Amino acid sequence: QFPRQCATVEALRSGMCCPDYFPVFGPGTDRCGVSTGRGRCVQVTVDLRPHGPQYMHDGRDDREQWPIRFFNQTCQCNGNFSGYNCGSCRPGWTGPTCSQQINIVRRNLLDLSAEERRRFVNALQQAKVTIHPDIVIATRRREEIFGPDGNTPQFENISIYNYFVWSHYYSVRKTFLGTGQQSFGGIDFSHEGPAFVTWHRYHLLQLERDMQNMLQDPSFGLPYWNFATGQNTCDICTDDLMGARSNFDVSLISQNSIFSQWRVICENIEDYETLGTICNSTEGGPIRRNPAGNVARPMVQRLPEPEDVAQCLEVGVFDTPPFYSNSTDSFRNTVEGYSDPSGKYDPAVRSLHNLAHLFLNGTGGQTHLSPNDPIFVLLHTFTDAVFDEWLRRYSADISTYPLENAPIGHNRQYNMVPFWPPVTNNEMFVTAPENLGYSYEVEWPARALRVTEMITIAIVTALVLVAIIFAAAACIVRVKKNKDDLHQPLLTDQYQHYSDDYDGIPAPSQSVV
Ligand SMILES: O=C1C=c2cc(C(=O)O)[nH]c2=CC1=O
């Protein structure tokens with residue numbers, strides 16, 4: 001959420017979060033790397049266009065007009081420089097002056113070699129236990145951020161992976177309306193609206209970049225899980241990947257997998273909602289996962305079909321009013337999984353991304369907890385791959401991404417909560433290989449024919465066949481007629497008339513034999 005340097009009483013009181021890049025002449029002398037032309041400290045821009053009607057408690061939530069409840073000044077970086085102090089590079093660029101282009105390839109997890117799988121699992125484990133070098137999280141709402149004594153900012157260190165989990169929780173948490181009052185749940189800054197795809201794209205980019213820095217490997221790329229297998233098994237739930245099922249408890253992970261030792265954060269949801277506290281970095285119980293095991297909901301006992309992805313990619317309009325989870329003929333609502341794969345909204349349906357979450361049936365199926373299960377990363381890289389393919393096919397047509405009246409947090413120019421420095425949804429609505437420095441190694445399934453198309457093709461084929469049969473029949477008749485003509489006795493009426501015509505003199509009794 002915020003750089004460690006900004007989690008101070010002074011920074012919060014001033015509203016300025018512009019850390020030094022290299023403070024040669026003491027603190028505050030190189031804000032945003034200004035001395036080397038990397039960037040400068042500027043006023044934060046927030047989108048003031050109205051949000052949709054789903055949220056009606058304006059003024060009560062720290063996430064409104066993000067991030068100005070906390071800070072109103074931030075670094076604005078020049079050229080390819082980026083980051084909270086302009087000390088890093090924009091996605092797709094690397095090197096000391098950020099002038100070298102890179103392309104990271106995101107591959108199918110099942111295509112990785114044994115050694116690549118081992119390295120990926122180890123990298124996740126390292127991220128789970130390594131404190132984030134730059135970022136700390138707020139553990140209280142803004143009104144309690146200075147602590148009980150008014151002088152102790154309520155921020156905590158958190159590991160790189162747990163920060164990924166926490167960011168998702170913070171974006172979906174309910175609005176606290178006061179002790180004794182029910183928290184308001186009709187708010188979600190990362191789901192059920194157009195920002196679903198842009199928010200999760202940045203979320204993954206941030207984890208990928210943090211892991212690249214941790215591994216000191218700028219070419220590290222997150223793999224993906226092609227969950228559209230149509231199967232009722234989890235093909236990546238093996239001990240060399242995301243962990244097999246435990247032999248002792250169907251909803252736990254096998255002890256042969258390191259993920260059986262992972263402990264989740266943000267599980268005390270009732271405390272957060274009734275006390276108005278915020279999830280912190282404290283870990284609790286194990287990851288729960290029981291793929292295809294939800295007997296109460298047979299519909300979520302299967303994964304999406306390859307054909308579902310193909311159909312979803314045929315929905316050419318990015319989003320449709322009311323830009324919410326009941327939008328119909330919306331690519332976003334289809335890939336998110338509230339519409340059927342052809343785009344038709346149906347409240348009973350769960351497809352694609354939502355279906356993959358619910359199939360996991362456990363930690364990965366509960367929105368406030370789901371990233372605790374590392375399958376989340378792979379499920380979302382695949383969802384992002386579908387989004388990128390859509391952007392490519394439809395030339396990133398942003399015209400139906402609403403500038404206003406989308407659910408709060410989802411307007412095109414809104415800064416995504418809780419990322420820092422501020423980044424808008426708009427900035428993620430670009431094709432990844434050309435603009436963000438990564439691409440997917442993936443083959444998309446061809447779309448099967450619709451019934452109407454099949455009927456049209458059948459009718460056209462039948463007509464063509466009938467035409468061919470008629471033509472053939474006509475030919476046969478003609479050939480037969482010609483043959484018959486050749487075998488006719490030479491003295492015929494026709495011949496007679498011809499010969500009559502020939503000399504122009506009627507010769508009724510003439511014989512040619
Ligand atoms: O973690 C998530 C869990 C989800 C469950 C649904 C649903 O459709 O019921 N959707 C989800 C999204 C998530 O991100």
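What counts, and at which threshold
Residues numbered from 1 in each chain as written. Predicted model: local features only at pLDDT ≥ 70, side-chain atom pairs only at ≥ 80, totals over all residues. Heavy atoms only, no water. UniProt positions renumbered as here; feature names shortened; annotations may be inferred. Helix = DSSP H or I, 4+ residues; strand = E, 2+ residues; numbered from the N terminus. Expected span 1.5 Å × (residues − 1). Core = buried A, V, L, I, M, F, W, Y, C linked by side-chain atoms within 4.5 Å. Buried < 20%, exposed > 50% of the residue type's maximum accessible area, 1.4 Å probe, protein only. Contact = heavy atoms within 4.5 Å. Salt bridge = Lys/Arg side-chain N within 4 Å of Asp/Glu carboxyl O.

By the naming in an unreviewed UniProt entry, the chain is 5,6-dihydroxyindole-2-carboxylic acid oxidase, taken from Columba livia. The annotation that UniProt attaches to the chain under Sequence similarities (unreviewed entry) is "Belongs to the tyrosinase family." Taken verbatim from the UniProt record of the chain, the Pathway (unreviewed entry) comment is "Pigment biosynthesis; melanin biosynthesis."

A. Highlighting helix α9 (residues 375–393). Taking 1.5 Å as the rise per residue, α9 with 19 residues should run 27 Å; its terminal C-alpha atoms sit 27 Å apart, in good agreement. Ser-395, located one to two residues past α9, shows a positive phi value of around 50 degrees.

B. The nonpolar core, seen in detail. Among the nonpolar cores identified, the biggest contains 110 residues, and Trp-166 and Phe-331 are the most heavily contacted of them. It is α9 that contributes the most residues to this core, 11 residues altogether. Contact partners of Trp-166, with chain neighbours within four places excluded, come to Gln-1, Ile-137, Ala-138, Ile-158, Ile-265, Cys-266, Ile-278, Cys-279 and Pro-418. One finds Cys-18, Cys-75, Phe-81 and Cys-98 within the second-largest nonpolar core, a separate group that totals 7 residues.

C. Seen up close, the pattern of salt bridges. By the definition in use, this model includes 25 salt bridges. A salt bridge links Arg-107 to Glu-116; its shortest N-O distance comes to 3.1 Å. Of the charged contacts in the structure, one is a salt bridge between Arg-201 and Asp-384, with a shortest N-O distance of 2.7 Å. Placement of the pair is Arg-201 in helix α4 (residues 195–215) and Asp-384 in helix α9, with a sequence separation of 183 residues. Note on accessibility: Arg-201 and Asp-384 belong to one class, buried. In this structure, a network of salt bridges that share partners links the residues Arg-106, Arg-201, Glu-208, Asp-384 and Asp-388.

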